[in-house]
2 protein chains.
Amino acid sequence: MKKSEMKSEEIARLAGVSRSTVSRVINNYANVPPETRAKVMKVIQDHNYYPNVSAQVLAGKRARTLGLFLIEPGGVSSDILTNMLIVSVIENASSHGYYVLTHIIRDTADTDTIRSVREIFFQGRIDGGIFIGAADREPLIDDLIREGFMVGVMDQEQPIPCQPNRIAAIFNNTSGMKQAAAYLAELGHTRIGVINGDMNRLSGRTKYEGYMQAMETEGLKVNPAWVLGGSFHENSGCNAVKKLLHCEKHDLPTAIIAANDSVAFGAIRALKEHGLRVPDDMSIIGFDDHPLSARHHPALTTLQVDFSEMLGQLTSKLIARIEHPDEAIHDITAEYTLIVRESCRRI
Amino acid sequence: MKKSEMKSEEIARLAGVSRSTVSRVINNYANVPPETRAKVMKVIQDHNYYPNVSAQVLAGKRARTLGLFLIEPGGVSSDILTNMLIVSVIENASSHGYYVLTHIIRDTADTDTIRSVREIFFQGRIDGGIFIGAADREPLIDDLIREGFMVGVMDQEQPIPCQPNRIAAIFNNTSGMKQAAAYLAELGHTRIGVINGDMNRLSGRTKYEGYMQAMETEGLKVNPAWVLGGSFHENSGCNAVKKLLHCEKHDLPTAIIAANDSVAFGAIRALKEHGLRVPDDMSIIGFDDHPLSARHHPALTTLQVDFSEMLGQLTSKLIARIEHPDEAIHDITAEYTLIVRESCRRI
DNA sequence: CTGAAAGCGCTTACAG
DNA sequence: CTGAAAGCGCTTACAG
């Protein structure tokens, strides 16, 4: 095991000052004359000295580490999007001098899992945590917030009264669904179905509600047989369409809005397998602008949202809150932009 | 900021023992009678006590944290594979009770980057690090190893004499190339080209060398004009083929081995753009079995390798070395398996 | 502007 | 089997 022999005492000795002064230089305190600072800095650099982080934290400094908790019930994350999210958090944190400890949660109800997540917070390994993929009301997260930990959450509602140590980043799904429905209506569609996401997730609910509202706005009626259950995963899109095709052979919608692009991919696969073509026989629109959507056949029309920007903001705000607990911080709302490609046709 | 009031002294008081005994229970030392242990454990659990990790580390325990360093010159990692690698490391580490601090390196030559990486090691944040995507000889890594830190590296050669604190996981590219060439030869190909990977990476070199050897084994002659430069990225495959098509219009190979599947995707894209079809006009074979290869059009024939298994092993061995520095540990070699799909045809 | 000293919350020889 | 005490390497009032 490596053990650096350099410590602040040694630096102090070499620079001819006390450990207090070395500490003041390291922490960039104002009351150190430039010459003293320069002298100490030189010794620090010449000897490749890095203060021991455990000692710093124990003495009251921040760990400068964030926890990133990915909730993924479905086995290994095979989604490029997940990767974008991780990278966005890490790079943003890094730009603030913070490190990221990533943890994968398979089952938020499992006792061992809960214990290990709580441990990360209670051990003092991190200054705050970011949760991705959580249900809208997740006891594990609610408990941590109640216990005073700083958390950032993607896609959760801010409860009322709002909690100062919870920062939320949400999607404007109402607007997204309105854009989707308006676009389809403009193409002449009146028979529009939807494949829902996971209803335990905030986006699942708000997308569904957005769809209902949007249909009303467009003056279109909702056929309950065309409101399909799903889970945000590709397979759920495939299954939903299979079921639709099986049950409603003679009364099909002409367009389907999918809860996200993965679901849309699955839906298109199922349609193809049944000999139906997109967009000739059915128009499909997705959400997210998944990295694969532009290269899909047909290229997928979708509502794009900037995940990197969103998570970057969430990370920045979480760090800001950690460093200045009293500053007011507003939640983040991500907007959708319609990207027209080839999966919808005029009828 | 959250501050847990519980400390070992408080647990000791409540359990009617000394802090020493509490520590012995936490660290599972043998010399504690079952009744004492039970008594202490109960207090610990009842009060949701988690020892402060900084204090533990400062007092000499391990941080139980691994650094994961992803070297990705090319902007945001858009590759699903990267995600699989990250997840494999995190889950394996987690199964050993270790956490993973992930860091992204854009430029291994940048002074600030080098500083921040070295800082992670010297600060004592981690017990060891895993590097992915490094050049075969990477000074940043070599320095850390020389300084005594424990590192695991994917795709680097073990120098001679071998260093006890470097664990390497490499690919059997010789065998992979042999399988590729043998398969193509068996289909009747004699004109076989190659798109190389990044020659600074071990796999870049060994794949090229493997290709040369394999061609000799098959008794085929290598046309230097069909040995194309590349970089393991999709665009390099596209560019390589464009150049080939441009320069060698009338003397083309009938098959190309790509350094990996991404390169193969790019190559196929370029061929399509020039009106050539795969496999009708050109056979293509890749390496890795990228998650998208099975769904590609045409489905890509490739040499599959189990990255999850490989990185899981690397992680396990690194942790084993951290915990038992003197135990002998062998390097890891990953083998390729030919997966025949639709991108090669008999001629 | 600066140093001596207390303290952060643990672990671990040491002595019994 | 168990406790008192020293020590891990920092930071930060406190006093000057």
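All figures in this text were calculated on a predicted structure; none of them were measured in a lab.

Caption draft 1: Main features of the overall build of chain A. Counting its regular elements, chain A contains 12 helices and 12 strands. What you see for chain A is a C-alpha radius of gyration of 26 Å, clearly larger than the 20 Å of a compact globule of 347 residues, by over 25%. Counting only C-alpha atoms and orienting by the principal axes, one finds that chain A spans roughly 90 × 40 × 35 Å. Across the 347 residues that make up chain A, the buried fraction comes to 52%. Each charge class in chain A was averaged separately, 37 positive and 42 negative side chains, and the resulting centres sit 5 Å apart.

Caption draft 2: Examining the interface of chain A and chain B more closely. Between chain A and chain B, the residue contacts involve 50 residues of the former and 50 residues of the latter. Contact between chain A and chain B buries roughly 4800 Å² in total, counting both sides, with carbon and sulfur atoms accounting for 59%. Summed over the shared surface of chain A and chain B, the result is four salt bridges. The salt bridge involving B:Glu234 is made with A:Arg295; its shortest N-O contact spans 3.2 Å. Across the chain A-chain B interface, the total number found is 16 residue pairs in polar contact (both at pLDDT 80 or more). Considered class by class, the residues forming the side of chain A that touches chain B number 21 nonpolar, 16 polar and 13 charged. Alignment of strand S2 (residues 99-105) of chain A against strand S2 (residues 99-105) of chain B, held across three bridges, turns out to be antiparallel. Of the residues in S2(B), the one forming a bridge with A:Val100 is B:Thr102.

Caption draft 3: Geometry of helix H6 (residues 111-122) of chain B. Across its 12 residues, H6(B) extends 16 Å between first and last C-alpha, which sits within 8% of the 16 Å expected from 1.5 Å per residue. Along H6(B), the positions that sit buried rather than exposed are B:Thr113, B:Ser116, B:Val117, B:Arg118, B:Glu119, B:Ile120, B:Phe121 and B:Phe122. Buried residues along H6(B) sit against S2 of chain A together with strand S1 (65-71), S2, strand S3 (128-132) and helix H7 (139-146) of chain B. Of the residues flanking the end of H6(B), it is B:Gly124, one or two places downstream, whose phi is positive at about 80°.

Caption draft 4: Highlighting the protein's contact with DNA strand C. Close to DNA strand C lie 27 residues; A:Ser20, A:Arg24, B:Arg19, B:Ser23 and B:Tyr29 are nearest. Sugar and phosphate atoms form 60% of the subset of DNA strand C atoms that lie within 4 Å of the protein. A distance of 2.8 Å separates a phosphate oxygen of DNA strand C from a polar side-chain atom of A:Thr21. Within the side chain of B:Gln56, a nitrogen or oxygen atom sits 3.1 Å from a phosphate oxygen of DNA strand C.

Caption draft 5: Up close: the protein's contact with DNA strand D. Taken together, the neighbourhood of DNA strand D is formed by 27 residues, with A:Arg19, A:Ser23, A:Tyr29, B:Ser20 and B:Arg24 sitting nearest. For DNA strand D, a phosphate oxygen lies 2.5 Å from a polar atom in the side chain of A:Ser23. Contact distances for DNA strand D include 3.4 Å between a base nitrogen and a side-chain N or O atom of A:Arg24. At the level of secondary structure, the elements contributing two or more residues to the surface near DNA strand D comprise helix H2 (19-26) and helix H4 (53-58) of chain A together with helix H2 (19-26) of chain B. Among the residues making up the surface near DNA strand D, the classes are represented as nine nonpolar, 11 polar and seven charged.

Caption draft 6: Broad picture of the side chain of A:Arg37. Summarising the element assignment, A:Arg37 is placed in helix H3 (residues 34-46). Ignoring any residue separated from it by four or fewer positions in sequence, one finds A:Arg37 in contact with A:Arg24, A:Val25, A:Asn28, A:Tyr29, A:Ala30 and A:Val32.

Caption draft 7: Representation of the packing of helix H1 (residues 8-15) of chain B against helix H3 (residues 34-46) of chain B in the model. Residue and element names in this part refer to chain B. H3 packs onto H1 with a crossing angle of 125° between their chain directions and a minimal axis gap of 9 Å. Relative to H3, H1 is oriented oblique. Here the hand of the crossing between H1 and H3 comes out right-handed. Counted together, Ile11, Leu14 and Ala15 of H1 and Lys39, Val40, Val43 and Ile44 of H3 form the full contact between these two elements. The class makeup of the residues in the contact of H1 with H3 is six nonpolar, no polar and one charged.

Caption draft 8: Structural detail: the relation of the copies chain A and chain B. If you rotate chain A by 180° and push it 0.0 Å along the axis, it lands on chain B with an RMSD of 0.0 Å. Such a combination of rotation and displacement between the chain copies is what one expects of a two-fold axis. Here 100% of the contact residues of chain A are again contact residues in chain B; the copies associate through an equivalent surface.

Caption draft 9: Broad picture of the packing of aromatic side chains. Under the counting rule described, the total for this entry stands at 18 aromatic pairs over all chains. Where A:Tyr50 meets B:Phe122, the ring centres are 5.4 Å apart and the plane angle is 20°; that geometry is what we call stacked. Here the residue A:Tyr50 occupies a position in the loop between H3 and H4, and B:Phe122 occupies one in helix H6, the pair thus bridging two chains. Between B:Phe171 and B:Phe307, the ring centres sit 5.8 Å apart and the planes meet at 65°, which makes this aromatic pair edge-to-face. Here the residue B:Phe171 occupies a position in strand S5 (residues 166-171), and B:Phe307 occupies one in helix H12 (residues 307-323), the gap between them amounting to 136 residues. Side by side, B:Phe171 and B:Phe307 carry an identical accessibility label, which is buried. Every member of this aromatic cluster is reached through a ring pair, and the members are A:Tyr50, B:Phe69, B:Phe121, B:Phe122, B:Phe131 and B:Phe149.

Caption draft 10: Highlighting the sheet that holds strand S7 (residues 227-228) of chain A. All names here are of chain A. The six strands lie next to each other as S7-S6-S8-S9-S10-S12, forming an open sheet whose pairing is mixed. Lying at the two open borders of the sheet, with one neighbouring strand each, are S7 and strand S12 (337-339). As defined by bridge partners, strand S10 (residues 301-304) adjoins S12 across three bridges and the pair is classed as antiparallel. If you follow glutamine 304 over to S12, its bridge partner there is threonine 337. Running at roughly 160° to strand S9 (residues 283-288), helix H8 (residues 173-186) makes contact with strand S6 (192-195), strand S8 (255-258), S9, S10 and S12 of the sheet. The sheet contacts of helix H10 (residues 234-247) involve S6, S7 and S8, and relative to S6 the element is tilted by about 140°.

Caption draft 11: Region of the structure containing the sheet that holds strand S11 (residues 332-334) of chain B. In spatial order, the strands read S11(A)-S5(A)-S4(A)-S3(A)-S1(A)-S2(A)-S2(B)-S1(B)-S3(B)-S4(B)-S5(B)-S11(B); together these 12 strands make up an open sheet with mixed pairing. If you trace the sheet from one side to the other, it starts and ends with strand S11 (332-334) of chain A together with S11 of chain B, each paired once. The average undirected angle you get between the axes of adjacent strands in this sheet is 20°. Where strand S1 (residues 65-71) of chain A meets S2(A), seven bridges bridge the pair, whose relative direction is parallel. Within S2(A), the position partnered with A:Phe69 by the bridge is A:His103. Packed onto the sheet, H7(B) meets S2, S3, strand S4 (151-154) and S5 of chain B and runs at close to 150° relative to S4(B).

Caption draft 12: The arrangement of the pairing of S4(B) in detail. Residue and element names in this part refer to chain B. Here S4 shows a buried face lined by Val151 and Val153 and a second buried face lined by Gly152 and Met154. Strand direction decides the pairing type here: S3 and S4, joined by three bridges, are parallel. By the bridge assignment, phenylalanine 131 is partnered in S4 with valine 153. Remark: the S3/H7/S4 crossover connection has right-handed handedness.

Thresholds applied
- Note that residues are indexed from 1 along each chain, following the sequence as it is written.
- For naming, the first written chain is A and the first written ligand is 1, with later ones following in the order written.
- Local features are withheld for residues below a pLDDT of 70 in this predicted model, meaning they are given only at 70 or higher, and side-chain atom pairs are given and counted only at 80 or more; totals for whole chains, interfaces and linings count all residues.
- To get the side-chain values, take all heavy atoms of the structure and skip hydrogens and water.
- Where helices and strands are cited, they refer to DSSP runs of H or I of at least four residues and of E of at least two residues respectively, numbered from the N terminus.
- Both definitions apply: the radius of gyration is a C-alpha atom measure, and the globule rule equals 2.2 Å times residues to the power 0.38.
- Here the term buried applies to any residue with accessible area under 20% of the maximum for its type, exposed to any over 50%, and partly exposed to those in between, with areas from a 1.4 Å probe on protein chains only.
- Under the counting rule used here, the positive set is Lys and Arg, the negative set is Asp and Glu, and His together with the chain ends is not counted.
- To locate a charge, take atom NZ for lysine, CZ for arginine, CG for aspartate or CD for glutamate.
- Only heavy atoms matter for contacts: two residues are in contact if any of them lie within 4.5 Å across the pair.
- When two parts are put together, the accessible area they lose, computed with a 1.4 Å probe and summed over both, is reported as buried area.
- Basic side-chain nitrogens of Lys or Arg form a salt bridge, by our definition, when they fall within 4 Å of a carboxyl oxygen of Asp or Glu.
- What qualifies as a polar contact is a pair of N or O atoms within 3.5 Å, subject to a donor-acceptor requirement within protein and to the restriction that residues adjacent in sequence count only when both atoms come from side chains.
- Residues were grouped as follows: Ala, Val, Leu, Ile, Met, Phe, Trp, Tyr, Cys and Pro as nonpolar; Asp, Glu, Lys and Arg as charged; and all remaining residues, including Gly, as polar.
- Between any two strands, at least two bridges found by DSSP are needed for them to pair.
- Here a helix's expected span is defined as the number of its residues, less one, multiplied by 1.5 Å.
- Near residues are defined by distance, with any heavy atom within 4 Å of the molecule or strand qualifying the residue.
- For every element, the axis is a line fit to its C-alpha atoms; helices are fit only across the contacting stretch, and the angle between N-to-C directions ranges from 0 to 180 degrees.
- Geometric relationships in this document are graded by angle, where less than 35 degrees denotes roughly parallel, more than 145 denotes roughly antiparallel, 65 to 115 denotes roughly perpendicular, and other angles denote oblique.
- Whether a crossing is left-handed or right-handed is set by the direction in which the near helix is turned from the far one by less than a right angle, anticlockwise for left-handed and clockwise for right-handed.
- To line up the copies, we fit them by least squares on C-alpha atoms, keeping just the residues with pLDDT of at least 70 in both.
- Ring geometry is summarised as follows: Phe, Tyr and Trp rings, the Trp one being its six-membered ring, pair when their centres sit within 6.5 Å, and such pairs are stacked at plane angles under 30 degrees, edge-to-face over 60 and tilted between the two.
- By convention, orient the strands away from the viewer: a clockwise path from the first strand over the helix to the second makes the crossover right-handed.

Geometric values such as these leave the question of function open.
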